[in-house]
Amino acid sequence: MIRWADNEDLEGLVEVELAADRTFAPLGIVFPPGTTMIEECDDPGRAIVAGRPAVGFALLGRVDGLPHLDQLAVHPDHHNQGIGTRLLDAVCDEAATGAAAITLTTFRDVPWNAPWYARRGFAVLPPEKWGPELRVLVEHERALGLELAPRVVMLKDL
């Protein structure tokens, strides 16, 4: 069941995000300490979740006037069940009601990151096409230590 999050979901989503983050460790990608993206969210209206209790979520924001997928995470116990695709479809459907495109940042070479999004219609957006807020976001990610492996900005026309 794909639905908008409620306040009760937010706390449980921290473990979903942390568990999903651990799947990067075998690739040599270990995230820096600090709060998770979902811990920094105080508005459940920014999150679309899968299940009750939630086993995955998509966190939405806005960058340069466009919807931006801040985070997509599915608990590893629920991988390969199409949950991520259903969450992404819900995000794109929601974004299409008022925008021409949606953006995200992700790891270029991680199979379940940029290649996965590319199969779902996203394309790499070259730096010369980034807006000012997107440039700030990429620099902020670098400052947080997220440039652990090559990252890209991607865009999907809606």
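Structure first, text after, so check above.
If you're wondering where the values come from, they're calculated on a predicted model, not measured in any experiment. (Residues numbered from 1 in each chain as written. Predicted model: local features only at pLDDT ≥ 70, side-chain atom pairs only at ≥ 80, totals over all residues. Heavy atoms only, no water.)

Things to note about the overall build of the chain
Rules: A run of H or I in DSSP counts as a helix once it spans at least four residues, and a run of E counts as a strand once it spans at least two, with each numbered from the N terminus. Only C-alpha atoms enter the radius of gyration; for comparison, a globular chain is expected to reach 2.2 Å times N to the power 0.38, where N is the number of residues. Between two residues, a contact is recorded if the distance between any of their heavy atoms is within 4.5 Å. Accessible areas in this description were obtained via Shrake-Rupley with a 1.4 Å probe; residue shielding takes into account the shown protein chains only. Counting rule applied: Lys, Arg positive; Asp, Glu negative; His and chain ends not counted. In this description, the location of a charge corresponds to atom NZ of lysine, CZ of arginine, CG of aspartate or CD of glutamate.
Within the chain one finds 4 helices and 7 strands. From first element to last, N terminus to C terminus, the chain shows the α and β order β-α-β-β-β-α-β-α-β-α-β. Relative to the globule expectation of 15 Å for 158 residues, the C-alpha radius of gyration of the chain, 15 Å, shows essentially globular dimensions. The C-alpha extent of the chain, read off along each of the three principal axes, is 40 × 40 × 30 Å. Relative to all contacts within the chain whose residues are 6 or more apart in sequence, the contacts with residues 24 or more apart total 71%. Surface exposure of the chain reaches about 8,200 Å², of which carbon and sulfur atoms provide 55%. With 14 positive and 24 negative side-chain charges, the chain shows a separation of 7 Å between the mean positions of the two kinds.

Description of the sheet that holds strand β4 (residues 66-74)
Defined as follows: Note on pairing: two strands pair once DSSP finds at least 2 bridges between them. Here an angle of 0 to 180 degrees is reported between the N-to-C directions of two axes, which are lines fitted to C-alpha atoms, with helices fitted over the stretch in contact.
One open sheet holds the 7 strands; their spatial order is β1-β2-β3-β4-β5-β7-β6, and the pairing between them is mixed. Whereas interior strands pair on both sides, the edge strands pair on one side only; in this sheet they are β1 (2-4) and β6 (123-124). Two elements, strand β2 (residues 47-50) and strand β3 (residues 56-63), share 4 bridges in a ladder whose sense is antiparallel. What sits directly across from Ile48, in β3, is Ala58. Against the sheet, helix α1 (residues 7-22) touches β1, β2, β3 and β4, its axis set at about 75° to β4. Across the sheet, helix α4 (residues 132-144) lies against β3, β4, β5 (101-107) and β7 (151-157), angled at about 130° from β3, the strand it touches most.

Notes on the state of the cysteines
Should the sulfur atoms of two cysteines be covalently bonded, the bond is a disulfide. Heads up, the condition is: Cysteine sulfur atoms that come within 2.5 Å of each other are treated as a disulfide pair. Under the scheme applied here, a residue whose accessible area is under 20% of the maximum for its type counts as buried, over 50% as exposed, and between as partly exposed, the area being computed with a 1.4 Å probe on protein chains only.
For the coordinates displayed, the defined rule picks out 0 disulfides. A disulfide-free cysteine, Cys92 has its sulfur positioned 19 Å from the sulfur of Cys41, the nearest such atom. On the basis of relative accessible area, Cys92 is assigned to the buried category, the value being 7%.

Here we look at the pattern of salt bridges
Put simply, the rule is: The term salt bridge refers to a pairing of a side-chain nitrogen on Lys or Arg with a carboxyl oxygen on Asp or Glu at a separation within 4 Å.
A complete count under the given rule lists 8 salt bridges for this structure. A salt bridge links Glu141 to Arg151; the shortest N-O distance between them is 3.2 Å. Taken together, the residues span a long stretch of sequence, with Glu141 in helix α4 and Arg151 in strand β7 at a distance of 10 residues. An identical accessibility class is assigned to Glu141 and Arg151; each is buried. Members of the salt-bridge network, linked through shared partners, are Arg3, Asp6, Asp9 and Arg52.

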